[in-house]
Structures are given as C-alpha cells and as structure tokens.
Amino acid sequence: MKKTAVLLAALLAASAALAQTVKLQTSEGDIRIELDAEKAPKTVANFLQYVKAGHYNGTVFHRVIEGFMIQGGGFDAKLVQKPTKAPIPLESHNGLSNLRGTIAMARTAVPNSATSQFFINVVDNPRLDGEAENPTSGYAVFGKVIDGMDVVDKIRAAEVTNQGMHQNVPVKPIIITKALIEPVKK
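Conventions we followed
- Residues numbered from 1 in each chain as written.
- Predicted model: local features only at pLDDT ≥ 70, side-chain atom pairs only at ≥ 80, totals over all residues.
- Heavy atoms only, no water.
- Buried < 20%, exposed > 50% of the residue type's maximum accessible area, 1.4 Å probe, protein only.
- Helix = DSSP H or I, 4+ residues; strand = E, 2+ residues; numbered from the N terminus.
- Pairing = 2+ DSSP bridges.
- Arc of directions from axis to C-beta.
- Contact = heavy atoms within 4.5 Å.
- Axes fitted to C-alpha atoms, helices over the stretch in contact; angles between N-to-C directions.

**What to know about the pairing of strand E5 (residues 102-105)**
- Burial of E5 is two-sided: the residues Thr-102 and Ala-104 facing one way and the residues Ile-103 and Met-105 facing the other way are all buried.
- Across three bridges, E5 lies against strand E7 (residues 141-147) in antiparallel orientation. Looking at E7, one finds that Ile-103 is bridged to Gly-143.

Have a look at this one:
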C-alpha cells in the first residue's frame, strides 16, 4: 500500500512538472496558457524557446477573426515580420482538438512549416484538427487558456481593417508587451 502511494505521488509530481504555464501580458490584459508538453513536446519546446528569447515581446495580434481565432507571434506593431528559427515538425494528431480556448501553431499550406506564430481558438474549430487518415493535415494544439478568456474575447471583438497584404488587422494595435514562463506551482 505504501509503495502505491509513493508511486502515485511521483506520477502526480511528474505530471505537474509537465504543466508549464506561460503568461502573455497584452495591451488588453493578461492571458495565461497551460502548455501540454506530454502531447505536443516539440511544439511546446519550440514555443518556450521563443518565450525565453523574448521573441514575443512587442509583437501584435495581427490577424483577428471574431468567429474563428486570434493570431499573433510573428509581427511587430508596424507589421514587420520578426526573424524566426527553423520550422518544426507538425504534431497535429496528438489527441488535442482545436476547441475554444486552445492554442495552436499557425503554419503555411506546408505541413512542417510552423515557426513562431500561434493562434487561440475563439470558437470550437474541430475542422482544424485534420483528417485522421492524413497525418500531414491539421494544426497542432499545444495548450489551453486557463485564465484570461475575457481578454481573448475582448481581442476577438476588436475593429479590424486590411493593411497591405494583411487582412483582419486590428485598427488599434493589440500588443503582446511581454511573454513569460510562470514558475511551476508545487
């Protein structure tokens, strides 16, 4: 009985260590995201590299579609694209679905093309999960908003316009002032 209790405590501690939290401080308020390194290890590691490097600081939510998602992580307030690291492998078929409040990697039509840009689903978007028979389809969910969906909803309701080649850009820039890794709670 004692061995079972010790094993259970060790498993709980290990799963808590995997539950990394990132706070996005934005011009509209804070968004806290719990990352799922167990189901999307490469995607989470990539996202955390960008957070640690300060890449997201000063970027904007450059694509906001009220009934779909809010996207950020790649451009500054003047819509100048920030340099990125090499793309990562697609981890879309990991058991996580593009539901309201989840965060996923943005990418081009090329499956393994995600770098720094991400989006937060503002409605359930299961069609973004991809087709089960096609492992190179879908968008990789790697976490979920655990605090700040009111901020996400405020951002999704922003007035948008087109700027150059960009569509659905908030008229008033919505800035990620700082992204930081929160200490793991014990």
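**Things to note about helix H3 (residues 149-156)**
- If you check which residues of H3 are buried, you get Met-149, Val-151, Val-152 and Ile-155. Across the axial projection of H3, the buried residues extend over an arc of 155°, all falling on one side.
- Buried residues along H3 sit in contact with strand E1 (21-26), strand E2 (29-35), strand E3 (59-65), strand E4 (69-76), strand E6 (118-121) and E7.

**Observations regarding the sheet that holds E7**
- The sheet built from eight strands closes into a barrel, its strands ordered E1-E2-E7-E5-E6-E4-E3-E10 with antiparallel pairing. Strand-to-strand twist of the sheet, defined as the mean angle between neighbouring strand axes without regard to direction, takes the value 35°.
- Helix H2 (residues 41-53) rests against E1, E2, E5, E6, E7 and strand E10 (175-182) of the sheet, and its axis sits at about 115° to E10.

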